[in-house]
Amino acid sequence: MSTATLDRTTAPAPTTARDASWPAQVAHVSWRWFVNLLRQPWGLGVAIVQPVIWIVLFGNVFSAVGDLPGFGGADYLTFLVPGIVMMTVLYSGAWAGTGFIDDIRSGVMDRLLSSPVHRSALVTGQLVQQLAVSLVQGVCVIGIGWLAGARYDGGLVGMAVALGVSLLLAAAFCSLSAAVALLARDQTALIGISTIIVLPATFVSTALMPPALLPSWVETAARYNPLTWATEAARTAMSTDVDWGLVGTRSLWLAVLAALVAWWSVHAMHAYQRSL
Amino acid sequence: MPLDLAVDAHGLVKTYPGGRGQPDVRALDGLDLAVPAGTVHGLLGPNGAGKSTTTKVLTTLARAAEGTARVAGFDVARDAAAVRRRIGYVSQGTGADGLLTPRENLAMAARLRGASRADATARARELVDRFGLGEAADRRTTCLSGGTRRKLDVALGLVDRPQVLFLDEPTTGLDPEARASMWAEIRRLAGEDALTVVLTTHYLEEADRLADAVSIVDQGRVVVAGSPDELKSTLAGDTLTVELVEPDADAVRSAAARVAGLDDAVVHVEGPTGRLVARTPDGSAVVAAVIAALRDAGVRHGAVAVSRPTLDDVYLRHAGRSWTAADATSKEAAR
């Protein structure tokens, strides 16, 4: 080569002596999504109003379920609240990927990917914001359920366990939505895929009906549904007679699922970049 | 002393799947590029020539299938992290979050790159002042005009004081006033020490005005490179045009024949006025002689103009088709 490239030692240093740490990057990314959320009051309002509608709707429409022989005489609303907590998480999680599609379309993603930012920090930062929203939603659902007459014998510990389990479910579904968004890169495809997964997942689960009242094939399928795992763990945690074994196993399954899907979403970020 | 190269790329090849049984699209087909540090380099070509793909490879966004590239001294494939620390990239889209204010966008970009809160705030203020964002700095980015948003995009590219700044079509879609303002900004950047700017554009005028050197890209390779003046001087000479008043065509022709270095003289007469058009290797050298010869022959004349060949002429010569035709073809292909 007749010409030399820039000498590394004499090249001027960037403003910043070194890159931001991974936790700092996650914090900055999630700060951005929080500001975004707060500046779109419609989105935030819907996130809170939707579960309220569900409690009122399902609580009234299905209230007769509580009188059916297979139900065991418990209060339907108390039965329903953990299911609604998990449904809420599922439905908002399904939208998590839209932010990435917006970023890909606008060019923000290209700027971020050409800067020294960890791909996993971009995914995790958004997940942190989504989990915070899920937590607020869960608290609201439990509170509104209580006002409507549901009672939680498991006390504060039970409620905390239920919320913790809901966050595991949220982590899995938000990551799934992010992965699909990064692979499909299309709003319509994301909404379509989410609907195909979320709606059957709701009804092929014990979120709204006890297993004894489900048709047998649905009851079998429901056993493999993460929504069922989360709902049953939360339901027992919030009851008088807590089955800690159930809570433990279901939480473990959910944690493994969340970890796998989160890994997939980071992988999807790399796949997006390879497509450029 | 050897020349320091901020960008040094050899034989870049990049293909994209054609999809639906179509053959692969060869976006880059052995592209070479050498950009000395501290200069402004224009990548000029019609839509679909491979300019943006080149930029994506050099900014570590995309990976070339073949070839090597070093940016700011580091290999884009093996040392991507080191390259990313030293570059700024302004893509064709916006790089800014529409719901954040410009100031917030700038501060967040700085913090993501490791600046402390105080440093990030200071840097954001500095860039807001420098780009004259003024009161727009604290409004939501979606509310800003196209020109102001584009300035913010460039400011975002400069947050970490890069050594090499990549600008992909910085003025596309801007109105003439905003474009002029952006040009002034880029010229100012070019004056800064040690900043190298790699600019892609499909505006010939933009490359001509801003770039120290230009690489004309067509179908994934560089067809010719050099300074705009060098490129234009590879075409034979200038065009000399003299406006004539009540001309005697024969007198004008014989006067023109007496001037050394004037070729292909053509006289057009249209009613009371006319025009002498001729080719010359060096227009400025023959102007005086032409005027003197016309005066001696008693021919009255109006304006005398020497026009240099344009980059459009250069493109036509090297790519074998005219600019507008190439743009139209690529639009057709995109459909």
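A brief structural summary.

Conventions we followed
Residues numbered from 1 in each chain as written. Chains lettered and ligands numbered in written order. Predicted model: local features only at pLDDT ≥ 70, side-chain atom pairs only at ≥ 80, totals over all residues. Heavy atoms only, no water. Helix = DSSP H or I, 4+ residues; strand = E, 2+ residues; numbered from the N terminus. Buried < 20%, exposed > 50% of the residue type's maximum accessible area, 1.4 Å probe, protein only. Contact = heavy atoms within 4.5 Å. Areas by Shrake-Rupley, 256 points an atom, 1.4 Å probe, with all protein chains shown as cover. Pairing = 2+ DSSP bridges. Axes fitted to C-alpha atoms, helices over the stretch in contact; angles between N-to-C directions. Salt bridge = Lys/Arg side-chain N within 4 Å of Asp/Glu carboxyl O. Polar contact = N/O pair within 3.5 Å; in protein donor to acceptor, adjacent residues only side chain to side chain. Nonpolar A, V, L, I, M, F, W, Y, C, P; charged D, E, K, R; others polar.

1. Regarding the overall build of chain A
- Secondary structure assignment for chain A yields 11 helices and one strand.
- When the helices and strands of chain A are listed from N to C terminus, the series reads β-α-α-α-α-α-α-α-α-α-α-α.
- Referenced to the eigenvectors of the C-alpha coordinate spread, the extents of chain A come out at roughly 90 × 35 × 35 Å.
- Counting only residues that meet the buried cut, chain A has 51% of its 276 residues in that class.

2. Section: the overall build of chain B
- Broken down by element type, chain B carries 12 helices and 14 strands.
- If you line up chain B on its principal axes, its C-alpha atoms span 75 × 50 × 50 Å.
- Put simply, chain B has 335 residues, and 51% of those count as buried.
- Put simply, of all contacts in chain B between residues at least 6 apart along the chain, 69% involve residues at least 24 apart.
- By element, 50% of the accessible surface of chain B is carried by carbon and sulfur atoms, the whole surface being about 14600 Å².

3. Quick notes on the sheet that holds strand E11 (residues 238-245) of chain B
All names here are of chain B.
- One open sheet holds the four strands; their spatial order is E12-E13-E11-E14, and the pairing between them is antiparallel. Looking at strand neighbours, the two that pair on one side only are strand E12 (263-270) and strand E14 (300-307), the edges of this open sheet. Going from strand to strand, the sheet's axes swing by 15 degrees on average, the running direction of each strand aside.
- In the sheet, E11 pairs with strand E13 (residues 273-280) via eight bridges, with the strands oriented antiparallel. Bridge assignment links Val-242 to a residue of E13, and that residue is Leu-276.
- Across the face of the sheet, helix H9 (residues 249-257) comes into contact with E11, E12 and E13 while running at roughly 160 degrees to E12.

4. Topic: the interface of chain A and chain B
- Across the contact, 39 residues belong to chain A and 49 residues belong to chain B.
- Here Glu-104 of chain B ties to Arg-39 of chain A by a salt bridge, and the two come within 2.8 Å at their closest N and O atoms.
- Run the count over chain A and chain B and you get 11 residue pairs in polar contact (both at pLDDT 80 or more).
- Listed by contribution, the elements that provide at least two residues to the side of chain A that touches chain B are strand E1 (4-5), helix H1 (22-38), helix H5 (108-113) and helix H11 (244-274) of chain A.
- When residues of the side of chain A that touches chain B are assigned to their parent elements, the largest contribution, seven residues, is made by H1 of chain A.
- Taken together, the residues that form the side of chain A that touches chain B break down as 16 nonpolar, 14 polar and nine charged.

5. A closer look at the sheet that holds strand E3 (residues 40-44) of chain B
Residues and elements named next belong to chain B.
- Strand order in the open sheet formed by six strands is E6-E7-E8-E3-E9-E10, with mixed pairing between adjacent strands. Whereas interior strands pair on both sides, the edge strands pair on one side only; in this sheet they are strand E6 (87-90) and strand E10 (221-226). Strand-to-strand, the axes of this sheet are offset by a mean angle of 15 degrees, without reference to chain direction.
- In this sheet, strand E8 (residues 196-201) lies alongside E3 in parallel orientation, the contact comprising five bridges. Bridged to Leu-43 within E8 is Thr-200.
- Running over the sheet, helix H5 (residues 146-157) touches E6 and strand E7 (164-168) and is turned about 160 degrees from E6.

6. Considerations on the side chain of Ser-114 of chain A
- Within the secondary structure, Ser-114 of chain A is located in the loop between H5 and helix H6 (119-148).
- Contacts of Ser-114 of chain A, omitting those with residues within four sequence positions, involve Thr-59, Thr-60, Leu-61, Arg-84, Ile-87, Tyr-89 and Arg-113 of chain B.

7. Let's talk about the environment of Val-83 of chain B
Residue and element names in this part refer to chain B.
- Tracing the chain through its elements places Val-83 in helix H2 (residues 80-86).
- The sequence separation of Val-83 and His-301 amounts to 218 residues, and the corresponding C-alpha distance is 59 Å.
- Dropping the residues within four chain positions of it, Val-83 is found in contact with Leu-58, Thr-60, Val-71, Phe-74, Asp-75 and Val-76.

8. Considerations on unusual backbone geometry
Residue and element names in this part refer to chain B.
- For Arg-161, which is not glycine, the phi dihedral falls at a positive 45 degrees.
- For Arg-161, the location among the structural elements is in the loop between H5 and E7.
- According to the relative accessible area criterion, Arg-161 is partly exposed, its value standing at 39%.
- Notably, Glu-246 is not glycine yet its phi reads approximately 40 degrees, a positive angle.

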